[in-house]
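A closer look at the structure
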Amino acid sequence: MSLPPPDDFGEERAPQPLPTGLTGVAVALGSVALLVAMATDALAVLGRHFGFPLLGALELVQASVSVAGACAIVCASAAGAHAVIHAVLDRVSPASRAVLAPAGQLLGAAFFLVLAVGCGWIAWDLRAAAEATDLLGIPLAPLRLFATFALIFTATLFVRTAARRA
Amino acid sequence: SEAPAPDAPTVLRYATPYTAGHPLSRADQQWIAHVERISGGRLRIQPSWAGGLISSEHNLVELRHGVVDVATISPIYTRGGTHAIRLQAGFYGGEQSIDDQVAVYRCLQASFPRLGQELAGLVPMEVQGGNVLGIVTRTRPVRRLEDLRGLRLRVPGELVPLLRRLGADPLDMPMADVYPAMAKGVIDGVVAPADTLKALHFAEVARFYNQLRIARGAYPARAISEDSLRRLPPDLERLLLDSRIVWERAVASEFKQAEQVGIDYARGLGMTFVQPDPVAQQRLDALYLAEAAQAAANADHGLPGQAMLRVAQDTLRRLRSGSRPPCAGPAL
Amino acid sequence: MTPELIGALSIAVLLALLALGVPIAAVLGLVGFTGLALLTSIEAATIKAGVVGWETISRYELGVLPLFLLMAHLCFTAGASRDFFDAAAKLLGHRRGGLATASIAGCAGFGAISGSSLATAATVGLVALPEMRKRGYAPSLSTGSIAAGGTLGSLIPPSGALIVYGMIAEQPISKLFAAALVPVATQALLYIAVIILLCRRNPALGPVSERVPWRERFASLGRIADIAVLIVLVIGGLTVGWFTPTEAASIGSVLAMLLCARRGKLTIPALRRALAETLRTAGVIYAIIIGAIVFSVFLGATGLASHLTALVIDANLDAKAAAAVIVVVLLLLGSVLDGMALMLLTVPIFLPMMVGLGMSPIWFGIFVVRTIELGLVHPPLGMNVYIIQGIAKDVPLGTIFRGVLPFLAADMLHIALLILVPATALWLPGVLA
Ligand code: NA
Ligand code: NA
């Protein structure tokens, strides 16, 4: 057996179109946040070795990855990428599948809704706490709110898929 | 769940992020045994060690919402809503012992209701100090303040300005990264108490423990939620409140033991304990107080920083002169 | 209902919902949430879920995971992973299972960069799976070898799990790292043996290519010289102490970006695509981690783990029998708990018992980390497997678990060896001391 010609590489991963709308915003924001985290950490390492210590880099990385993480959950959900066991789903009758598939998506929505409520509740509790990082004073309230909205939006994505599969 | 039988014990759930064998958890076990014995079996404490039931960062919120009844809390590491508790932790210059630290906190608590308000919904069960901070260094001893110049040190956030003023290169990194970072020379050392020499294995990767004392503040480290406390019959409520001193003494004594264990362990590994030049210690203490004065003057969130610093330092002076103020409560 | 009963029931519900095709993250999270609400209150359970969700995405230690993924996606963009496997195919392709073996080596190499199994499985999986597929490797073999190979990451220093064990058990971490080397090498060799045996029995699993002349082999090696520089810089920088394991993710990403630039592949669309795919993969992994932690917190609250461990202590066994029973308990618990929670819950209980039976705490550390890591690949809750499923969307979970089975057999053999010949772990630290 011989190898496929080199030109075949990369074709199997058919490029998916980049998402648009709110999901597109999440991709853009998440991408920027990832790059900021990467650059900050790398500059902090350089700074340490070349005499311009960047104190508080850790806090900026932490803030950026929290934005990236919230966006990541939106992206994964919009792409329907979450891991699922198909064994039973693939073997049941179409009628049962018409019930099971949307039910599963609704449970997915419930999960992210619980996370959103919890996250938002904590943000509400701490609304007057002036939560900020030690060294740079990055306020945490907007980050918590951002995560909360991302989780709510994720839940609506699941509801939409459920409606489509019903 | 069913209503408990009339003579069934009242169960309170306690959670801590520390494992069962940790010195702090050993102190918790002493407190649990005490409470259960003294209540004649009417009160039972169900502990959860290291099970993730309580977060090491969001414990105040979790306790307020009833995730458990009693918990280890860390208002000092919370990044919002505990500004007074955090500010006062820098006012302990001149403290000589864990007893000093706890006494100062009690007096501050008596004078400044703000400290209690920051724990609204919770009742503190144990005020905790800690072993004095020293400086762990990999390759060179620190005898004079000049020796700190250029040293890349991992320090707690509140000490960053002080260490900067001393010409060190303070940096922040997760505690879990400190061991490998020191092993490889990413950092030159860490500001930490002697118990970490064994508990966090710093003695394996560093040669010097420099006993330049950096003062340590106290703060409430165990609390019960007000709802859980009010649900108890009055006599059990009283019993719990009276048990606070038992918990505080247990923690102080476990800390002292852990410090000795850390020192012995480090000596066994050939670590050098460096006594600082007395002048260096005096200069450090003066700088610490100058930092405290600046922090007090710049206190935001409407905090009476200077008044708090005054009470803290007054308390320490009176303790030194042998006239323990009534607000300091019983000695540990 | 007693907490223990709630715990046992919840596991049944968990399995049923998983089978019915509910997203795995949601099953774990919702069952954990409901159980916690029964044990405490809906309010408390909601807050706890919110805390877990927020801490998972905002903690620095976990936050580096997307950066490792970015490094992998950038390597992909640069064509580096293709060239790497091209070279591997030219060097090893004529041997049975050569590419699967190369993936195991890749896992070992990446394990030396990252302290975690999950990061290793996800990153190497992203790079290696498409390449193996293009060369006709059976999905079961390719996904199975990476799910298993990922667990190498947890024993190869720097190992996050061993550092945590060292802290709990108050053992020198340097000694633990030294003790891990021989076991992890034997583990890797066993995996390679499994691959060779599987491919000998069924050659269709890993197609063999023709032997290529050495000139071509050298040429393919020349094409990966820049990748080799990247790997040497990252691993070397870690070893020498230029940066910490967590910082390695960012440094690796920057270097991978330079690699793209050098190869003329650093275009805006390519970069956007790499970032979007990084986010998608990271989202899948975050969701599973959040669900698993919520479930773990709940199970911890039921006291189920302490009941099981109490049973072992009451049985009064000798050291080797006790170790065997601990394996069973850890595998049972490991099928539903995440690794870190399992370690924090059980080590403080089992360690004094095993030390009492005359076993070294260093040996126990290697043993316990090794056994707990098995939980990452065995059903029903095998995080590495789920993550690989998240990457290789079209490979059914059942196929991956089937692919993992032969490696699990090797794992059991490896653990038996560790129990019967403790010297595999203790010899090297003894020599170095
Ligand atoms: Na590793
Ligand atoms: Na498992």
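Residues numbered from 1 in each chain as written. Chains lettered and ligands numbered in written order. Predicted model: local features only at pLDDT ≥ 70, side-chain atom pairs only at ≥ 80, totals over all residues. Heavy atoms only, no water.

From N to C terminus, chain B includes 14 helices and 11 strands. By the compact-globule yardstick of 20 Å for 332 residues, chain B fits well, its C-alpha radius of gyration being 21 Å. The principal-axis extents of the C-alpha atoms in chain B amount to approximately 65 × 40 × 35 Å. The buried share among the 332 residues of chain B stands at 58%. Pairs at least 24 residues apart make up 76% of the contacts formed inside chain B by residues separated by at least 6 positions. Summed over its atoms, the accessible surface of chain B is roughly 13,000 Å², and 51% of this surface lies on carbon and sulfur atoms. (Helix = DSSP H or I, 4+ residues; strand = E, 2+ residues; numbered from the N terminus. Rg over C-alpha atoms; globule rule 2.2 N^0.38 Å. Buried < 20%, exposed > 50% of the residue type's maximum accessible area, 1.4 Å probe, protein only. Contact = heavy atoms within 4.5 Å. Areas by Shrake-Rupley, 256 points an atom, 1.4 Å probe, with all protein chains shown as cover.)

With 72 residues of chain C at the interface, the matching set in chain A holds 63 residues. Where chain C abuts chain A, roughly 6,100 Å² becomes buried across the two surfaces, and 75% of that area is made up of carbon and sulfur atoms. Applying the counting rule to chain C against chain A returns 1 salt bridge. Glu247 of chain C is the partner of Arg48 of chain A in a salt bridge, and the nearest nitrogen-oxygen pair spans 2.8 Å. Between the two partners, chain C and chain A, sit 4 residue pairs in polar contact (both at pLDDT 80 or more). In terms of residue count, helix α14 (residues 268–302) of chain C provides more of the side of chain C that touches chain A than any other element does, 16 residues in total. (Buried area = accessible area lost by both parts, 1.4 Å probe. Salt bridge = Lys/Arg side-chain N within 4 Å of Asp/Glu carboxyl O. Polar contact = N/O pair within 3.5 Å; in protein donor to acceptor, adjacent residues only side chain to side chain.)

Moving on: the packing of helix α18 (residues 361–374) of chain C against helix α20 (residues 397–420) of chain C. All names here are of chain C. The geometry of α18 relative to α20 is characterised by a closest axis approach of 11 Å and an angle of 165 degrees between their N-to-C directions. Taken together, the axes of α18 and α20 are roughly antiparallel relative to one another. When the axes of α18 and α20 are compared, the crossing they make is left-handed. When α18 is examined against α20, the residues Trp363, Ile366, Phe367, Arg370, Thr371 and Leu374 are found in contact with a partner set consisting of Leu408, Asp411, Met412, His414, Ile415, Leu418 and Ile419. (Axes fitted to C-alpha atoms, helices over the stretch in contact; angles between N-to-C directions. Parallel < 35°, antiparallel > 145°, perpendicular 65-115°, else oblique. Left-handed = near helix turned anticlockwise from the far one by under 90°.)

Tallying each qualifying case throughout the model produces 4 cavities of 30 Å³ or more. When its volume is computed, the largest cavity comes out at roughly 240 Å³. Along the wall of the largest cavity there are 21 residues; nearest its centre are Ala44 and Arg48 of chain A, Leu171 and Asp172 of chain B together with Glu247 of chain C. Split into classes, the residues belonging to the lining of the largest cavity amount to 11 nonpolar, 3 polar and 7 charged. (1 Å grid on protein atoms, 1.4 Å probe; cavity = no way out; pocket = protein on both sides within 12 Å on 5 of 7 lines; lining within 4 Å. Points joined across faces, edges and corners; volume = space filled by probe spheres on them. Nonpolar A, V, L, I, M, F, W, Y, C, P; charged D, E, K, R; others polar.)

Bringing the nonpolar core into the picture now. Membership of the largest hydrophobic core comes to 319 residues, with the highest contact counts inside it found for Leu197 and Leu240 of chain B together with Trp363, Phe364 and Phe367 of chain C. Considering every element that reaches this core, the biggest residue donor is α14 of chain C, with 19 residues. Membership of the second largest hydrophobic core comes to 6 residues, among which are Ile122 and Leu126 of chain A, Val61 of chain B together with Val51 of chain C. (Core = buried A, V, L, I, M, F, W, Y, C linked by side-chain atoms within 4.5 Å.)

Moving on: the state of the cysteines. The tally for this structure, following the rule as stated, stands at 1 disulfide over all chains. In this model, Cys107 of chain B is linked to Cys327 of chain B through a disulfide, with the two sulfur atoms separated by 1.9 Å. On the S-S bond that ties Cys107 of chain B to Cys327 of chain B, the torsion sits near 90 degrees, and the link is right-handed. Of this pair, Cys107 of chain B sits in helix α4 (residues 98–111) while Cys327 of chain B is found in the segment after α14 (305–320), placing the two residues 220 residues apart along the sequence. Using a relative accessible area of 0% as the deciding quantity, one classes Cys107 of chain B as buried. The closest cysteine sulfur to the non-disulfide-bonded Cys75 of chain A is located on Cys71 of chain A, 6.4 Å from its own sulfur. As a non-bridged cysteine, Cys75 of chain C has Cys260 of chain C as the owner of its nearest cysteine sulfur, 7.4 Å distant. Residue Cys75 of chain C is classed as buried on the basis of its relative accessible area, which comes to 13%. (Disulfide = S-S within 2.5 Å.)

In this structure the tally under the stated criterion is 14 aromatic pairs over all chains. Between Trp363 of chain C and Phe367 of chain C, the ring centres sit 4.9 Å apart and the planes meet at 10 degrees, which makes this aromatic pair stacked. In this pair, Trp363 of chain C and Phe367 of chain C both sit in helix α18, 4 residues apart, roughly one turn of the helix. On the basis of relative accessible area, Trp363 of chain C is assigned to the buried category, the value being 0%. A relative accessible area of 0% means that Phe367 of chain C is categorised as buried. Aromatic rings pair up to connect Tyr14, Trp31, Trp49 and Trp247 of chain B into one cluster. The lysine or arginine in question, Lys198 of chain B, covers the ring of Tyr265 of chain B, its NZ or CZ lying 5.5 Å from the ring centre. In this structure, Arg267 of chain B is placed above the aromatic ring of Phe273 of chain B, and the distance from its NZ or CZ to the ring centre is 4.5 Å. (Phe/Tyr/Trp six-rings, centres within 6.5 Å; stacked < 30°, edge-to-face > 60°. Lys NZ or Arg CZ within 6 Å of the ring centre and 35° of its normal.)

Tallying the contact residues gives 20 residues for chain B and 18 residues for chain A. The tally of links between chain B and chain A comes to 1 salt bridge. Of the charged contacts in the structure, one is a salt bridge between Asp134 of chain A and Arg86 of chain B, with a shortest N-O distance of 2.5 Å. Across the contact surface, chain B and chain A share 6 residue pairs in polar contact (both at pLDDT 80 or more).

What follows deals with helix α12 (residues 244–268) of chain B. Taking 1.5 Å per residue as the helical rise, α12 of chain B with its 25 residues ought to reach 36 Å, and the 36 Å between its terminal C-alpha atoms agrees with that figure. Phi turns positive one or two residues past the end of α12 of chain B, at Gly270 of chain B, with a value near 85 degrees. (Expected span 1.5 Å × (residues − 1).)

Mapped onto the elements of the fold, Phe110 of chain C is located in helix α6 (residues 98–111). The contact partners of Phe110 of chain C, leaving out residues within four places of it in the chain, are Phe68, Met71, Ala119, Thr120, Thr123 and Val124 of chain C.

Here we take up the environment of Leu376 of chain C. Residues and elements named next belong to chain C. Its location among the elements puts Leu376 in the loop between α18 and α19 (383–391). Overall, the relative accessible area of 12% leaves Leu376 in the buried class. Expressed as a C-alpha distance, the spacing of Leu376 and Gly339, which sit 37 residues apart in the sequence, is 7.5 Å. Not counting residues up to four positions away in its chain, the partners in contact with Leu376 are Ser117, Leu118, Thr151, Gly382, Met383, Asn384 and Val385.

Turning our attention to the confidence of the model for chain C. Across chain C, the average pLDDT comes to 85, with 96% of residues at or above 70. When pLDDT is averaged over each element of chain C, helix α3 (residues 42–58) of chain C comes out on top at 95 and helix α15 (residues 304–314) of chain C at the bottom at 73. (pLDDT = per-residue confidence, 0-100.)

All right, on to the sheet that holds strand β10 (residues 219–225) of chain B then. All names here are of chain B. Spatially, 5 strands are ordered β2-β1-β3-β10-β4 in an open sheet, and the strand pairing comes out mixed. At either margin of the open sheet sits one strand with a lone partner, and together these are β2 (43–49) and β4 (122–128). On average, adjacent strands in this sheet sit at an angle of 25 degrees to one another, irrespective of strand direction. Relative to β10, β4 runs antiparallel, the two being bridged by 6 bridges. (Pairing = 2+ DSSP bridges.)

Residue and element names in this part refer to chain C. Along the chain, Cys75 turns up in helix α4 (residues 60–77). In this structure the C-alpha to C-alpha distance between Cys75 and Ile285, which are 210 residues apart in sequence, comes to 20 Å. Here Cys75 is in contact with Ala80, Ser81 and Ala256, once residues within four sequence places are set aside.

Turning our attention to unusual backbone geometry. Residues and elements named next belong to chain B. Even without a glycine there, the phi angle at His201 is positive, about 65 degrees. Assignment of secondary structure puts His201 in the loop between α8 (196–199) and α9 (202–205). Its identity is not glycine, yet His301 carries a phi of approximately 55 degrees, on the positive side. Tracing the chain through its elements places His301 in the loop between α13 (278–297) and α14.

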